[in-house]
Amino acid sequence: MGKGGEDRGRKDGIEPHSTPSSSFPAWARTVGECEAEFAVTAERGLASSVVARRREKYGWNDLEKHAEPSIWKLVLEQFNDTLVRILLVAAVVSFVLAWYDGDEGGEMEITAFVEPLVIFLILILNAVVGVWQENNAEKALEALKEIQSEHAAVKRDGKVIPNLPARELVPGDIVELRVGDKVPADMRILNLISSTVRVEQGSLTGESTAVNKTNHKVDLEDTDIQGKECMVFAGTTVVNGSCVCLVTQTGMNTEIGKIHSQIREASQSEEDTPLKKKLNEFGEVLTAMIGVICAFVWLINVKYFLTWEYVDGWPKNFKFSFEKCTYYFEIAVALAVAAIPEGLPAVITTCLALGTRKMAAKNALVRKLPSVETLGCTTVICSDKTGTLTTNQMSVVRIVASGRWTDSLRSFKVDGTTYNPNDGKIHDWPSSTLDKNLQMIAKIAAVCNDASVAWSGQHYVASGMPTEAALKVLVEKMGLPAGCHTPSFRSTAILRCCQWWNNVVPRVATLEFDRTRKSMGVIVRSTYGKNTLLVKGAVENLLERSTHMQLLDGSIVLLDERSKALILETLHEMSSNALRCLGFAFKDELAEFNTYDGEDHPAHKFLLDPSNYSSIESDLIFVGFVGLRDPPRAEVRGAIEDCRTAGIRVMVITGDNKETAEAICWEIGVFTPNDDISLKSFTGKDFMSLSDKKIILRQKGGLLFSRAEPKHKQEIVRLLKEDGEVVAMTGDGVNDAPALKMADIGVAMGISGTEVAKEASDMVLADDNFSTIVAAVGVGRSIYNNMKAFIRYMISSNIGEVASIFLTAALGIPEGLIPVQLLWVNLVTDGPPATALGFNPPDEDIMKKPPRRSDDSLITAWILFRYLVIGLYVGIATVGVFIIWYTHGSFLGIDLSGDGHTLVTYSQLSNWSRCSSWEGFKVAPFSAGSRVFSFDSNPCDYFQTGKVKAMTLSLSVLVAIEMFNSLNALSEDLSLLRMPPWVNPWLLLAMSVSFGLHFLILYVPFLAQVFGIVPLSFNEWLLVLAVALPVILIDEVLKFVGRQMSSSPVDGISKKSKNE
């Protein structure tokens, strides 16, 4: 159907293709075929009636808004944790018992309510933090919406609508894009208005420079995003030129919409960190242990609240004491409180927070606290190339200039990896003067150039094309001709030499770059009156249009085949090393442009048609060329070597081309000299087509994936995680966000990173530097080791508390520790030493050991045995000191009779519940601090109210033992003689704080009443120390045995076989 037929069809309300196919490969079809598929012409655009029908089918050009989970659902999710559920049950039961005691008028009702209220407070704080973290998870999707365009210039019904809201676009709309516009949808370019169009799509594809666009179709239907040169994509930016486009995809069907879906999918499949998994497993084991111990305690004490008589061989006359049943139920609750390390979540959070400060000092900003620990077991780092391994600042690394003769070339190596003109120097540079040939190279690089460099914040930044900015930096390094100065420019100006050249030869006209001739030219007014044409561009193209070449002394000679072959040979050698080469040429004889001075000149009409540029840029004089690249960061090679030593594999996943990426990988040490690169370097598309992808990923050493799309990155991360690897993924672009979200550790770039990438990440690099990740891994390993130390310490303390209560119940003596005291010890007294263990200095060889497996046990069988022994001693010590006070007037030569308390036999103490049946049992009053306890009316109360001194001794022994036990936790195996306490002064300070807090509740009357304790005398403190100190000797013996076991030949053989 011709155009007239199409127009008539539209006027009649008939649309030839009412629903264009969503899978239509517009990039592989001609402009005419695209217009036919979408039933539209560039001249008229869509009819309003068609727009309405298409919006019904395709919806608005928006990214989907998913319903966020309700606040109550998020709160409930925070209780989906074993330890938290145990705490919740313990708190509810404690609250019910406290309420029951209050109704009965019990004296200790205030004490009873403290315990459940404190546990509830812990649970509330835990839920608040969890909900806050969950809300942050949706930020990446919100940030993605921010990069969408808001308005577009659209043609409909033959008229241009200059500011149509971008969300109203539908497939088939005709949109005009101009420089600076943000692309509103995925579109097929129909025609170029300017001679060239360049689009910055690096955030979507990972390409390091803006790419040129065309309206010519691509031959392959199955091609990657980078290969679709006639397409522009939503969220990218036009940096040069203007064009007319046809909308092919909108909303969630665009490339950025697919990334939105992938982020959503990745965020829903997030897994717990290795530490959280281990703590959940520990919680499940703890639940079973608590259940067994509580049941056992009830069984051995059932005789006290349930009795019966045997009549004719059958149990009859059952008697049940509800009061005693409640008492032993309270003991079971106390067991639960003792077994649960209530302070562990708080201490872990504190340690991780301290870890974030250490990492921040190394330029790694942690957004999610658990990431600190996960970093410690990272086994694979998947790194982007551009901006992470490289500086993302194009630099000239080599200058090739003419020699004295036509058969010779000069080559100069250029140092520097940034846009700082003072960064690096040019090797073998003529110190006295610039020869004519080098002057011409400097002149063209400075004047045929639209970029600039400025100081921003703490670094130099480029505006304009990165390659042009690199040329201007080169000019500054080259300097000025002898005798030339820059007095007219401020000494603080960054590009003084470039300004001088632009002042000497001012530009009067620009011949814009285009893809056909692959060059850019400027006409300048030279010092001797006539105009000169300065040209830069692809070396091969300039050579084809050059007839002469300039030599070192400025003389012009014929460019013969031999000279041309020498130049091309050098060019090939540089290109094979992944250098991007730009040539320089000029022309003095410009015919009608010799006197050109602006738009009023007769020759100006020739400049209005870009097709004339090739003829103007002919018969050129070739002067030389330069090699540029995005150089690797200086410290990256050492960081990759550190990774290799630490057993961490590095995989480079980039959107850049294969040759460039391979050259960088060779240089920075991702590939070693013995590597077969054919087995280690793949394009994303080639890798996805392989059937044995996991075998490739399991190879030792580094791997490279180039031309990678978002889906490729995500699949690589998924496969690695399936294989049990702990993956850290770096990225800065929108395209990296799904993989950042899916990885165990998503690492975004702080300087060059998009907001989408930052919000999807767990950690942000303030300096965009790969070596910062490696340093952060070292900190993560150190923090994990320290966390193991305080987890072992806290768990051993809890084992001791359980042993104490169990022995109390088993022996039938009065309760020596009440739940509120155990809660105080677990939360407050143990907290400072446990936190201080997080400051243990790192091992010197921490980055020389292989990463731990994420499923490695927190506590080995031997460590568990050690702490069962320690725990048993804690139980014996706390119960023993309780019994000693009741049964001994002195112990180890320490006089305990000063308070005047009555001594009883062990048999009486263990059968205290039958006290009412004892004849003639009397108890003398005794003093505790300023209080006097008298039992004239009820002597049996000596085992309840009167146990306050014995309870205080038990609590004080428990606190003292746990303080000394924290010294044991300084090292898993090393003796205190090898690692003395002062290696961690924070621990000594923490012990002082904990003892201070214990003295506070002992000697402040109100607090002493709340916790049911009394002040102790000097002799009683001596008893506490005498009973507590042996814990150090016991653990020293156990450490010695452990060292002997680990150094035994059998153990060495087993370790070796395990590693193999």
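Residues numbered from 1 in each chain as written. Predicted model: local features only at pLDDT ≥ 70, side-chain atom pairs only at ≥ 80, totals over all residues. Heavy atoms only, no water.

Engineer: Whenever I open this one, the packing of helix H15 (residues 466-478) against helix H16 (residues 496-504) confuses me. Can you help?
Structural biologist: The description of two helices packed together rests on the angle between their axes and the distance between the axes. At a minimum axis distance of 7 Å, the contact between H15 and H16 shows a crossing angle of 95°. On the basis of the axis angle, H15 is roughly perpendicular to H16. Judged by residue contacts, Lys472, Val475 and Glu476 of H15 engage Arg496, Cys497, Cys498 and Trp501 from H16. Residues belonging to the contact of H15 with H16 are distributed by class as follows: four nonpolar, no polar and three charged. (Axes fitted to C-alpha atoms, helices over the stretch in contact; angles between N-to-C directions. Helix = DSSP H or I, 4+ residues; strand = E, 2+ residues; numbered from the N terminus. Parallel < 35°, antiparallel > 145°, perpendicular 65-115°, else oblique. Contact = heavy atoms within 4.5 Å. Nonpolar A, V, L, I, M, F, W, Y, C, P; charged D, E, K, R; others polar.)

Engineer: Which parts of the structure should I look at to understand helix H18 (residues 561-575)?
Structural biologist: Structural remark: α-helix, 3.6 residues per turn; residues separated by three or four positions point the same way. Here H18 spans 20 Å end to end across 15 residues, near enough to the 21 Å set by a 1.5 Å rise per residue. Taken residue by residue, H18 has Ser563, Lys564, Ile567, Thr570, Leu571 and Met574 as its buried positions. Buried residues in H18, looked at end-on, bunch into an arc of 130°, giving them a common side. Across H18 from its buried face, at more than 90 degrees, point the exposed residues Glu561, Arg562, Glu569 and His572. On its buried face, H18 sits against strand E14 (395-402), strand E15 (409-413), helix H17 (539-544), strand E21 (546-550), strand E23 (580-587) and strand E24 (620-629). (Expected span 1.5 Å × (residues − 1). Buried < 20%, exposed > 50% of the residue type's maximum accessible area, 1.4 Å probe, protein only. Arc of directions from axis to C-beta.)

Engineer: Any chance you could explain unusual backbone geometry here in plain terms?
Structural biologist: The bulk of non-glycine residues show a negative phi, and the bulk of peptide bonds are trans. The phi dihedral of Ala39 is positive, around 50°, even though this residue is not glycine. Assignment of secondary structure puts Ala39 in the loop between helix H2 (31-37) and helix H3 (48-58). Of note in this structure, Asp428 is not a glycine but carries a positive phi near 60°. Relative to the assigned elements, Asp428 resides in the loop between E15 and helix H14 (436-447). Since its relative accessible area comes to 71%, Asp428 is described here as exposed.

Engineer: Just checking my understanding: could you explain the environment of Phe705 for this structure?
Structural biologist: You can see Phe705 is positioned in strand E27 (residues 703-706). Phe705 gets classed as buried once you look at its relative accessible area, which sits at 1%. Between the C-alpha atoms of Phe705 and Phe682, which are 23 residues apart in sequence, the distance is 5.0 Å. Discounting residues that sit within four places of it in the chain, Phe705 has contacts with Met651, Val652, Ile653, Thr654, Phe682, Phe687, Leu697 and Ile716.

Engineer: Help me out: how do you make sense of the side chain of Thr532 in this one?
Structural biologist: By the element assignment, Thr532 lies in strand E20 (residues 531-537). There is a polar contact of 3.2 Å between the side chain of Thr532 and the side chain of Asp588. Those residues in contact with Thr532 that lie beyond four places of it in its chain are Val522, Ile523, Val524, Ser526, Phe586, Lys587, Asp588 and Leu590. (Polar contact = N/O pair within 3.5 Å; in protein donor to acceptor, adjacent residues only side chain to side chain.)

Engineer: So what exactly am I meant to see when it comes to the sheet that holds strand E8 (residues 237-240) here?
Structural biologist: Note: strands within a sheet are paired through backbone hydrogen bonds, in either parallel or antiparallel orientation. Read across the open sheet, the three strands follow the order E6-E5-E8; overall the sheet is antiparallel. Of all strands in the sheet, those with a lone pairing partner are strand E6 (211-213) and E8, marking the two edges. The average undirected angle you get between the axes of adjacent strands in this sheet is 45°. When strand E5 (residues 197-200) meets E6, the two strands line up antiparallel, connected through three bridges. When the bridges of E6 are listed, Val199 appears paired with Val211. (Pairing = 2+ DSSP bridges.)

Engineer: What should I look at first to understand empty space enclosed by the protein in this one?
Structural biologist: Empty space among the atoms becomes visible once a probe the size of a water molecule is rolled across them. Per the counting criterion, the structure on display carries eight cavities of 30 Å³ or more. The computed volume of the largest cavity comes to approximately 50 Å³. In terms of lining, the largest cavity is formed by Met394, Ser395, Val396, Val414, Thr418, Tyr419, Ala470, Val473, Leu474 and Lys477. Contributions of two or more residues to the lining of the largest cavity are made by E14 and H15. Counting residues per element, the lining of the largest cavity draws most heavily on H15, which supplies four residues. Within the lining of the largest cavity, the residues separate by chemical class into seven nonpolar, two polar and one charged. (1 Å grid on protein atoms, 1.4 Å probe; cavity = no way out; pocket = protein on both sides within 12 Å on 5 of 7 lines; lining within 4 Å. Points joined across faces, edges and corners; volume = space filled by probe spheres on them.)

Engineer: Help me understand the UniProt feature "transmembrane region" (unreviewed entry) in the protein chain, please; the structure alone is not making it clear to me.
Structural biologist: In this structure's numbering, the residues bearing the UniProt feature "transmembrane region" (unreviewed entry) are residues 82-100, 112-132, 285-306, 326-354, 858-886, 982-1006 and 1018-1038. This span, residues 982-1006, is 84% helix and 0% strand, and a straight line between its end C-alpha atoms measures 36 Å. Note that residues 1018-1038 is 95% helix and 0% strand, and that its end C-alpha atoms are spaced 32 Å apart. (UniProt positions renumbered as here; feature names shortened; annotations may be inferred.)

Engineer: What's the story with the sheet that holds strand E25 (residues 649-653) in this structure? I'm lost.
Structural biologist: With mixed pairing, eight strands are arranged side by side in an open sheet as E12-E30-E29-E28-E13-E25-E27-E26. Each of the sheet's edge strands pairs with one partner strand only, and the pair in question is strand E12 (364-366) and strand E26 (681-683). Direction aside, neighbouring strands of the sheet carry axes that sit 20° apart on average. Sheet topology note: the E25/E27 ladder contains three bridges and is parallel. Looking at E27, one finds that Ile653 is bridged to Phe705.

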